[in-house]
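The primary structure of each chain is shown beneath.
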Amino acid sequence: MPQFAPLQNDTFLRALLRQPTDYTPVWLMRQAGRYLPEYRASRARAGSFLGLAKSPDFATEVTLQPIDRYPLDASILFSDILTVPDAMGLGLYFEEGEGPKFERTVRTEEDVAALRVPDMASLDYVFKAVTQIRTALNGRVPLIGFSGSPWTLACYMVEGQGSREFHTVKKMLYSRPDLMHRVLQTNADAVAQYLNAQIDAGAQAVMIFDSWGGALADGAYQAFSLQYMQKVVAQLQREKDGVRIPAIVFTKGGGLWLDEMADIGADALGLDWTVNLGRARALVGDRVALQGNLDPAILFAAPDQVRTEVEKALASYGTPSAGHGHVFNLGHGISQFTPPESVTAMVEAVHDFSRRQRAA
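Draft legend 1. Representation of the overall build of the protein within the structure. Each helix and strand in the protein was counted, giving 15 helices and 11 strands. Taking 2.2 N^0.38 as the reference for a compact globule, 360 residues should give roughly 21 Å; the C-alpha atoms of the protein span a radius of gyration of 19 Å, in line with that estimate. Over its C-alpha atoms, taken along the principal directions, the protein stretches across nearly 60 × 45 × 45 Å. Counting all 360 residues of the protein, 57% fall into the buried class. Carbon and sulfur atoms form 49% of the exposed surface of the protein, whose accessible area is close to 14200 Å². Where the 34 positive side-chain charges of the protein centre and where its 40 negative ones centre are 1 Å apart.

Next comes the structure, spelled out in structure tokens:
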């Protein structure tokens, strides 16, 4: 096991564990990405998105770019949510100007029967990147590892690409729930192993992105998404070398189910921008910390307007008290068209206002 530098800023981890903090920590979903000119330069040198994601050197370089530019309180591994199905042999590729696609889909009984948890050695490039990033961070801020949720991965595996309607995967869910459950169980076991390997490699917190859970009907969400995230969380290492490893679960469009989500064993829940932070805090109480949830589109406004909206969100959550924790974030990934200076205004506003909140 590699030896890492001691952590200098643990505010993010303390907030996730609902411990007192001097201010509200902040990081951004997709913080290493196309809105940064330095990222675009790295991407051009790598030749493709997968060229970036599958190279530990490039993954390290782009993970650190937003940390070098902004006083963020956490870094997140630069990777893709679809590494696991790619390792299952489905053949991930990207078409220019379009989202990810798979060469092979999982739709028939035979496809499902052939599905296996991948050998984690085939994902070694991810774990090498985690160790390299953690080393390069040199204790500045914690490193978050992540995966797509079992349901979100299944959506891509069955549809073969992103979807607006999810007709193919929902058809399987309703007409052959037995097949769907087998896919999801395999995915849950794979995701748990994948996240545990990231923790072994140096990740200090992990996050499950359930990007498409909000596409499900009530009832179906609990049976086909939430249940399998709970299975993942139950298998996670929650401690490494005597240090707690927090787990965050985020269902986009999942505001309706926060009460049930708070009981699956995660340390924190991510919220999208449709959720009122104060009401969410009252609902979950001291069961979990909360992460979120500024509308990413606010970052297109002027810096003064960004600061106003940040203060509104922090005021809505209120001052954290014993047993409560809040990590500031966007309600979804940052847009590629965001002016970088808007992020400066946002991060400074979070740190400044949340310190004043606590002093009041």
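Draft legend 2. Region of interest: the sheet that holds strand β11 (residues 326-327). Reading across from one edge, β1-β4-β5-β8-β9-β10-β11 is the order of the seven strands in this open sheet, with parallel pairing throughout. Strand pairing shows two members of the sheet lacking a second neighbour, β1 (75-76) and β11, which therefore form its edges. Of the strand pairs in this sheet, strand β8 (residues 247-251) and strand β9 (residues 268-270) are connected by three bridges, and their pairing is parallel. Residue pairing across strands places Ile-248 opposite Ala-268, the latter belonging to β9.

Draft legend 3. Summary view of the side chain of Lys-101. Note that Lys-101 resides in strand β3 (residues 100-102). At 2.7 Å, the side chain of Lys-101 forms a polar contact with the side chain of Glu-98. If we ignore the near neighbours within four places in the chain, the residues touching Lys-101 are Gly-91, Leu-92, Tyr-93, Glu-95, Gly-160 and Gln-161.

Draft legend 4. Region of interest: the environment of Pro-339. In this fold, Pro-339 is placed in the loop between β11 and α15 (340-359). When the C-alpha positions of Pro-339 and Leu-36 are compared, they lie 8.4 Å apart, and in sequence the two are 303 residues distant. Ignoring anything within four residues of it in the chain, the contact list for Pro-339 reads Leu-299 and Phe-300.

Draft legend 5. Focus on the pattern of salt bridges. Under the definition given, this model contains 18 salt bridges. For the salt bridge of Asp-259 with Arg-287, the shortest nitrogen-to-oxygen distance reads 2.6 Å. Highlighted residues: Asp-259 in helix α12 (residues 258-261) and Arg-287 in the loop between α13 (277-284) and β10 (289-291), separated in sequence by 28 residues. On the accessibility criterion, Arg-287 (28% relative accessible area) is partly exposed. The residue Lys-312 makes a salt bridge to Glu-309 at a minimum N-O spacing of 3.0 Å. Within this pair, Lys-312 and its partner Glu-309 are both found in helix α14 (residues 303-317), separated by three residues, close to a single helical turn. We classify Glu-309 as partly exposed; its relative accessible area is 26%. Within this structure, Glu-109, Arg-176 and Asp-178 form a network of salt bridges that share partners.

Draft legend 6. How the structure looks around the packing of helix α4 (residues 56-69) against helix α7 (residues 124-137). Put simply, α4 and α7 touch, their axes get as near as 9 Å, and they point 40° apart. Taken together, the axes of α4 and α7 are oblique relative to one another. For the crossing formed where α4 meets α7, the hand is right-handed. Residues Pro-56, Asp-57, Ala-59, Thr-60, Thr-63, Leu-64 and Ile-67 of α4 form the contact with α7, whose participating residues are Tyr-125, Lys-128, Ala-129, Gln-132, Ile-133, Ala-136 and Leu-137. A breakdown of the residues in the contact of α4 with α7 according to their chemical character gives nine nonpolar, three polar and two charged.

Reading the values: the criteria
- Residues numbered from 1 in each chain as written.
- Predicted model: local features only at pLDDT ≥ 70, side-chain atom pairs only at ≥ 80, totals over all residues.
- Heavy atoms only, no water.
- Helix = DSSP H or I, 4+ residues; strand = E, 2+ residues; numbered from the N terminus.
- Rg over C-alpha atoms; globule rule 2.2 N^0.38 Å.
- Buried < 20%, exposed > 50% of the residue type's maximum accessible area, 1.4 Å probe, protein only.
- Areas by Shrake-Rupley, 256 points an atom, 1.4 Å probe, with all protein chains shown as cover.
- Lys, Arg positive; Asp, Glu negative; His and termini not counted.
- Charge placed at Lys NZ, Arg CZ, Asp CG, Glu CD.
- Pairing = 2+ DSSP bridges.
- Polar contact = N/O pair within 3.5 Å; in protein donor to acceptor, adjacent residues only side chain to side chain.
- Contact = heavy atoms within 4.5 Å.
- Salt bridge = Lys/Arg side-chain N within 4 Å of Asp/Glu carboxyl O.
- Axes fitted to C-alpha atoms, helices over the stretch in contact; angles between N-to-C directions.
- Parallel < 35°, antiparallel > 145°, perpendicular 65-115°, else oblique.
- Left-handed = near helix turned anticlockwise from the far one by under 90°.
- Nonpolar A, V, L, I, M, F, W, Y, C, P; charged D, E, K, R; others polar.

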